[in-house]
Amino acid sequence: MKSVWRVALVLLVLVGVWWFTVPADRVTILANSWERPVLDQVWPSRSPSHLLLLNESSITEYLRELPVTGVAIQRERPWNATLVVSLADPDLVIRQGDIMAAVFLDQGIAYAVPSVGASWKVINVNGFPRALPAFLSTSLEYAQLCCELLRRNDQLVVSRLSLSSSTGLSARLKTGQTLVFGDGKNSISKIDRGVAVLAMPAFKDKNVTIDLRFDGQAVIPGGK
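Computed from a prediction, not measured in an experiment: that's the story for all the values here. (Residues numbered from 1 in each chain as written. Predicted model: local features only at pLDDT ≥ 70, side-chain atom pairs only at ≥ 80, totals over all residues. Heavy atoms only, no water.)

Thoughts on the overall build of the protein chain
Stated formally: A run of H or I in DSSP becomes a helix once it reaches four residues, and a run of E becomes a strand once it reaches two; helices and strands are each numbered from the N terminus. Relative accessibility decides the category of a residue: with a 1.4 Å probe and only protein chains considered, values under 20% of the type maximum give buried, values over 50% give exposed, and everything between is partly exposed. Contact definition: two residues touch when any of their heavy atoms are within 4.5 Å. A 1.4 Å probe and the Shrake-Rupley method give the accessible areas. Residues count as covered only by the protein chains that appear here.
A count of helices and strands for the protein chain gives five helices and 14 strands. With 224 residues in all, the protein chain has 40% of them scored as buried. Counted over contacts in the protein chain with a minimum sequence separation of 6, partners at least 24 positions apart contribute 53%. Only carbon and sulfur atoms are counted for the fraction: they give 58% of the accessible area of the protein chain, which is about 12200 Å².

Structural notes on the sheet that holds strand S6 (residues 92-96)
Put simply, the test is: Only when DSSP finds a minimum of two bridges between them are two strands counted as paired. The convention used is that axes are lines fitted to C-alpha atoms, helices contributing only their stretch in contact, and that angles between N-to-C directions extend from 0 to 180 degrees.
Strand order in the open sheet formed by four strands is S8-S7-S6-S9, and the pairing between neighbours is mixed. The open sheet has two edge strands, strand S8 (109-112) and strand S9 (122-124), and neither has a second partner. Shown here is a sheet whose adjacent strand axes are inclined to one another by a mean of 25°, direction ignored. Strand direction decides the pairing type here: strand S7 (residues 99-104) and S8, joined by four bridges, are antiparallel.

Overview of helix H5 (residues 187-198)
In an α-helix, one full turn covers 3.6 residues, which means residues spaced three or four apart are oriented alike. Condition: Here the expected length of a helix is defined as 1.5 Å per residue gap, with one fewer gap than residues.
Between the first and last C-alpha of H5 there are 17 Å, a value that for twelve residues agrees with the 16 Å anticipated at 1.5 Å per step. Ser187, Lys190, Ile191, Arg193, Gly194, Val195, Val197 and Leu198 are the residues of H5 that are buried.

With respect to the nonpolar core
The condition is simple: Residues grouped as a nonpolar core are buried Ala, Val, Leu, Ile, Met, Phe, Trp, Tyr and Cys residues, joined through side-chain atoms within 4.5 Å.
Ile94, Phe128, Leu156, Leu161, Leu179 and Phe181 are the most contacted members of the largest nonpolar core, which totals 32 residues. For this core, the secondary-structure elements that each account for two or more residues are S6, S7, helix H4 (132-151), strand S10 (158-164), strand S11 (168-173), strand S12 (178-182), H5 and strand S13 (208-211). Per-element tally for this core: the top contributor is H4, with eight residues. In terms of nonpolar packing, the next biggest core, distinct from the first, is built from 28 residues, Val38, Leu39, Ile59 and Met100 among them.

A few points about the packing of aromatic side chains
Stated precisely, the cut-off is as follows: Two rings from Phe, Tyr or Trp (for Trp, the six-membered ring) form a pair when their centres are within 6.5 Å of each other. A pair whose planes differ by under 30 degrees is stacked, one over 60 is edge-to-face, and the rest are tilted.
Taken as a whole and judged by the stated rule, the model has five aromatic pairs. Taken together, the ring pairs in this structure connect Phe128, Phe135 and Tyr142 into an aromatic cluster.

Some words on the environment of Glu76
What counts is decided by this rule: Polar contact criterion, stated in full: a pair of N or O atoms within 3.5 Å, where within protein one must be able to donate a hydrogen and the other to accept it, and residues adjacent in sequence count only if both atoms are side-chain atoms.
Structurally, the position occupied by Glu76 is in strand S4 (residues 68-76). As a C-alpha pair, Glu76 and Arg26 span 50 residues in sequence and 10.0 Å in three-dimensional space. Filtering out sequence-adjacent residues up to four positions away, Glu76 remains in contact with Ala81 and Thr82. Polar contacts involving the side chain of Glu76 include one to the side chain of Thr82, which spans 2.5 Å.

Considerations on the sheet that holds strand S5 (residues 80-87)
The strand order across the open sheet built from three strands is S2-S5-S4, with neighbouring strands paired in mixed fashion. Whereas interior strands pair on both sides, the edge strands pair on one side only; in this sheet they are strand S2 (27-30) and S4. In this sheet, adjacent strand axes meet at a mean angle of 20° when their direction is disregarded. Strand direction decides the pairing type here: S4 and S5, joined by eight bridges, are antiparallel. Across the sheet, the residue bridging to Ala72 is Val84, located in S5. Its contacts with the sheet place helix H2 (residues 35-42) against S2 and S5, and it is angled at close to 120° to S5.

Let's talk about the environment of Pro114
Relative to the helices and strands, Pro114 resides in the loop between S8 and S9. The sequence separation of Pro114 and Glu35 amounts to 79 residues, and the corresponding C-alpha distance is 9.8 Å. Setting aside chain neighbours within four positions, we find Pro114 in contact with Pro37 and Met100.

Pasting the structure below:
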């Protein structure tokens, strides 16, 4: 009798596994045009033999590197599933020529995207690495600074944003001044100091370079 119950219990467990889970490599992902390439960069990194629990919270956790806003599950027997996944828009897209990085600040990660949405925040850069992994990591490093520059667009209208090995990131303003930021750290403090210097009568509307890489700011008259 005990053997019968054990067999029944094993069968019940197997039926439960079959009913509520599916192997990751038997899942079809559906998404919008920009979301699909991003999902494709995450999904293959998972073990294809991993059993995926078919509920929204489990799938969201499975895709924890992404800002998942919705999951629709379509179960297909005998042991397949189709997922319709929706993602939040990126916080920023950093673009250099035909390469674009969508940055998600809360997740602390950047993904390559083939196109941008009409409502997205986009900033153009120069001098970033061309190799995709290096471009993505560099974009992530400077993303917070770029977001702050866009937010302060009424005070700092950037005409060219460039990265060099000697000075790091520099912004050429349409008013003729240049702000040298160096790395992407302390972005708000650097921009606050830059705005304060530009507001000074001695430097306002002057062609100057403001070096913001250190705790103080160095102003070099006549900078190009």
